[in-house]
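Spelled out, the chains give:
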Amino acid sequence: MLDGCETWQEFLCLATAIYLGARRNALARVRLSDVDFGRGTIRFSEKGGKVVVKPLPDVYVDILRAAGEAGVWKASDDYLIPNRRPGAVKRTERSDKVIWETVRKVASRVDVKATVHALRAAFAVQFDESNPDQLIALKELMGHAGIETTLVYLRRKDKAKAMEQVRTLSWGGAAHFVFPPREEAARKKPPFSRGFIEEAHTGFEPVPPP
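Asks: I would appreciate a short explanation of the packing of aromatic side chains in the present structure.
Replies: Considering all chains together, one arrives at three aromatic pairs under this definition. Geometrically, the ring pair formed by tyrosine 19 and tyrosine 60 is tilted, given 6.1 Å between the ring centres and 40° between the ring planes. Separated by 41 residues along the polypeptide, tyrosine 19 in helix H1 (residues 8-20) and tyrosine 60 in helix H3 (residues 58-69) bring together distant segments of the chain. Positioned above the aromatic ring of tyrosine 79, the side-chain terminus of arginine 31 is 4.1 Å from the ring centre. The aromatic ring of tyrosine 79 is capped on one face by arginine 94, whose charged end is 4.2 Å from the ring centroid.

Asks: Honestly, the pairing of strand S2 (residues 41-45) in this entry has me stumped. Any pointers?
Replies: Walk down a regular strand and you will see the side chains alternate between the two sheet faces. Sheet topology note: the strand S1 (residues 35-36)/S2 ladder contains two bridges and is antiparallel. The residue bridging aspartate 36 from the neighbouring strand is threonine 41, located in S2. Hairpin connection of S2 to strand S3 (residues 51-55): five residues between the antiparallel strands, including glycine 48 at a positive phi of 75°.

Asks: What's the story with the pattern of salt bridges in this structure? I'm lost.
Replies: Two side chains bearing opposite charge may form a pair once their charged atoms approach each other closely. Counted under the stated rule, the structure contains eight salt bridges. Residue arginine 109 pairs with glutamate 10 through a salt bridge whose shortest N-O separation is 2.8 Å. Of the two residues, arginine 109 is situated in helix H4 (residues 97-109) and glutamate 10 in helix H1; the sequence distance between them amounts to 99 residues. On the basis of relative accessible area, arginine 109 is assigned to the partly exposed category, the value being 30%. Its salt-bridge partner being arginine 84, residue glutamate 101 comes within 3.1 Å of it at the nearest N-O pair. Here arginine 84 lies in the loop between H3 and H4 and glutamate 101 lies in helix H4, a separation of 17 residues in the sequence. Exposure remark for glutamate 101: the relative accessible area of 18% places this residue in the buried category. Linked by salt bridges that have partners in common, Glu6, Glu10 and Arg109 make up one network.

Asks: Is there a simple way to explain H1 in this structure?
Replies: Three- or four-residue spacings in an α-helix give side chains the same orientation, since the helix completes a turn every 3.6 residues. With 13 residues, H1 ought to run about 18 Å at 1.5 Å a step, and its terminal C-alpha atoms sit 17 Å apart, in line with that. Looking only at H1, the buried set comprises Gln9, Glu10, Leu12, Cys13, Leu14, Ala15, Thr16, Ala17 and Leu20. Positive phi appears at glycine 21, one or two residues downstream of H1, with a value of about 65°.

Asks: So what exactly am I meant to see when it comes to unusual backbone geometry here?
Replies: Most peptide bonds take the trans configuration, and most residues that are not glycine carry a negative phi. Its identity is not glycine, yet aspartate 111 carries a phi of approximately 60°, on the positive side. Note that aspartate 111 resides in the loop between H4 and helix H5 (116-130). Judged by relative accessible area, which is 71%, aspartate 111 ranks as exposed.

What counts and what doesn't
- Residues numbered from 1 in each chain as written.
- Predicted model: local features only at pLDDT ≥ 70, side-chain atom pairs only at ≥ 80, totals over all residues.
- Heavy atoms only, no water.
- Phe/Tyr/Trp six-rings, centres within 6.5 Å; stacked < 30°, edge-to-face > 60°.
- Helix = DSSP H or I, 4+ residues; strand = E, 2+ residues; numbered from the N terminus.
- Lys NZ or Arg CZ within 6 Å of the ring centre and 35° of its normal.
- Pairing = 2+ DSSP bridges.
- Salt bridge = Lys/Arg side-chain N within 4 Å of Asp/Glu carboxyl O.
- Buried < 20%, exposed > 50% of the residue type's maximum accessible area, 1.4 Å probe, protein only.
- Expected span 1.5 Å × (residues − 1).

If you want it as structure tokens, here you go:
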């Protein structure tokens, strides 16, 4: 999706979501002045009025500096993620719909299904993959009150990884079976009689001939 961005507005929206894992409302409200480049931190106003200060990934800092050099912001009070159509915004308080619309537009362009919440979940999984023993840190970065909420974001990944075990399943000799050439197979009779392959009265199970 990052490759599918066409403007700085789109790129900053997606990059801020996947590098910081913030909620949609927090993404919509954060301003350039909330970024402390000296300390390498960002301040989010999260759900319930909770303020969360997060460290900034080095790659994300580079993105912000490049955006600044490109003249994305005019003043420190500007929103970190610009509006899609700045001239069309008349409200005093910004709606978080701008984040939702941007993610939907980019996702549609690259033909994938994605939501802001999915990007937040992607952040959680990526952090956990890189730091498997840092669940408490992930909880704080996600702004969760309890660890159980954080675990919800990781269960889908754990289920998918658990199912991967089926790739080693084997019934023994089947791996050594050599299929006959197509012409020879066509001359062979089917392994069962016509009567055997007739459907049972249930419509699901074959039954042998009387």
